[in-house]
Amino acid sequence: MWRSGPGSSGGVTRLVSRLVRVIVLAVGRLRPPYADDVQHYQRLLARHAKVEITEVREDEQVVRRIPDRAFVSLLDGEGETMDSMAFSRFLEDRRRDGRDLCFVIGGPFGHRWVAGPASGTRPAENARVDHRLSLGPMTLPHQLARVVLLEQLFRAHKILAGEPYHY
């Protein structure tokens with residue numbers, strides 16, 4: 001699907017974002033007060049992208065829930081940091097690749113499923129991570145990280161659509 005006209009800069013044709021799924025794969029159940037915020041951003045994002053949120057109970061279930069051929073971005077305190085403009089470009093690059101984008105958020109104990117010998121745990125078989133993303137140097141509760149990620153996804157889509165929101 002291609003679109004041009006309003007929302008596209010200078011009549012340039014751009015790809016509609018619904019072609020690529022964005023999956024947020026999170027360990028643990030979402031609880032109030034974060035659940036309301038996640039629902040709010042899911043509603044806002046619905047007109048911009050196909051966003052799916054999948055919860056698993058334990059770290060060991062993560063690998064099985066990562067879609068085949070998806071670009072996997074692990075939220076990690078030591079990952080790449082980006083401002084909102086860079087994050088929107090990151091999303092656009094993934095969209096151009098045509099692969100689904102899967103963000104993985106660990107539970108309260110981090111990402112044991114990708115851990116290695118230094119942590120005393122075995123790495124999971126087929127644990128595939130294409131990218132590591134940091135939401136900043138501060139440690140966030142894993143439930144709040146979901147809200148922050150969804151807000152940044154919404155902001156990035158607004159930037160890409162040329163719509164007001166990002167100031």
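You'll find the structure just up there.
Keep in mind that what you see is a predicted model, and the values were worked out from it rather than measured.

Colleague: Would you take a moment to explain the packing of helix α3 (residues 84-97) against helix α4 (residues 142-161) for this structure?
Modeller: Geometrically, a packed helix pair is captured by the angle between its two axes and the distance between the axes. The N-to-C vectors of α3 and α4 enclose an angle of 80 degrees; their axes lie 9 Å apart at closest approach. Comparing the axis directions of α3 and α4 gives the class roughly perpendicular. For the pair formed by α3 and α4, the contact residues are S84, M85, F87, S88, L91, E92 and R95 on the first element and L149, Q152, L153, R155, A156, H157, I159 and L160 on the second. By residue class, the composition of the contact of α3 with α4 is eight nonpolar, four polar and three charged.

Colleague: Would you explain α3 in this entry?
Modeller: The end-to-end C-alpha distance of α3, which contains 14 residues, comes to 20 Å, matching closely the 20 Å that a straight helix rising 1.5 Å per residue would cover. Immediately downstream of α3, the backbone of G98 shows phi near 80 degrees, a positive value.

Colleague: Explain the sheet that holds strand β5 (residues 71-80) to me, please; I cannot follow it from the model alone.
Modeller: Sheet strands pair by backbone hydrogen bonding; their relative direction is either parallel or antiparallel. With respect to topology, five strands assemble into an open sheet ordered β4-β3-β6-β5-β7, the strand pairing being parallel. Looking at strand neighbours, the two that pair on one side only are β4 (50-56) and β7 (131-133), the edges of this open sheet. Each neighbouring strand pair of the sheet contributes to a mean axis angle of 30 degrees, computed without reference to strand direction. Relative to β7, β5 is paired through four bridges, and the arrangement is parallel. The residue of β7 that forms the bridge with L74 is R132. Along the sheet face, α3 touches β5, β6 (101-105) and β7 and points at about 130 degrees away from the line of β6.

Colleague: When you look at the packing of aromatic side chains in this model, what are you seeing that I'm missing?
Modeller: The geometry of an aromatic ring pair comes down to the distance between the two centres and the angle between the two planes. As enumerated under the stated definition, the model contains four aromatic pairs in all. Measuring from ring centre to ring centre gives 6.1 Å for F87 and F103, while their planes differ by 45 degrees; the resulting arrangement is tilted. One end of the pair, F87, is in helix α3; the other, F103, is in strand β6, and 16 residues separate them in sequence. This pair shows no difference in class: F87 is buried, exactly as F103 is. Connected via pairs of aromatic rings, a cluster forms that spans F71, F87, F90 and F103. Between R94 and the ring centre of F71, over which it is positioned, the NZ or CZ distance is 4.4 Å.

What counts, and where the lines are drawn
- Residues numbered from 1 in each chain as written.
- Predicted model: local features only at pLDDT ≥ 70, side-chain atom pairs only at ≥ 80, totals over all residues.
- Heavy atoms only, no water.
- Axes fitted to C-alpha atoms, helices over the stretch in contact; angles between N-to-C directions.
- Helix = DSSP H or I, 4+ residues; strand = E, 2+ residues; numbered from the N terminus.
- Parallel < 35°, antiparallel > 145°, perpendicular 65-115°, else oblique.
- Contact = heavy atoms within 4.5 Å.
- Nonpolar A, V, L, I, M, F, W, Y, C, P; charged D, E, K, R; others polar.
- Expected span 1.5 Å × (residues − 1).
- Pairing = 2+ DSSP bridges.
- Phe/Tyr/Trp six-rings, centres within 6.5 Å; stacked < 30°, edge-to-face > 60°.
- Buried < 20%, exposed > 50% of the residue type's maximum accessible area, 1.4 Å probe, protein only.
- Lys NZ or Arg CZ within 6 Å of the ring centre and 35° of its normal.

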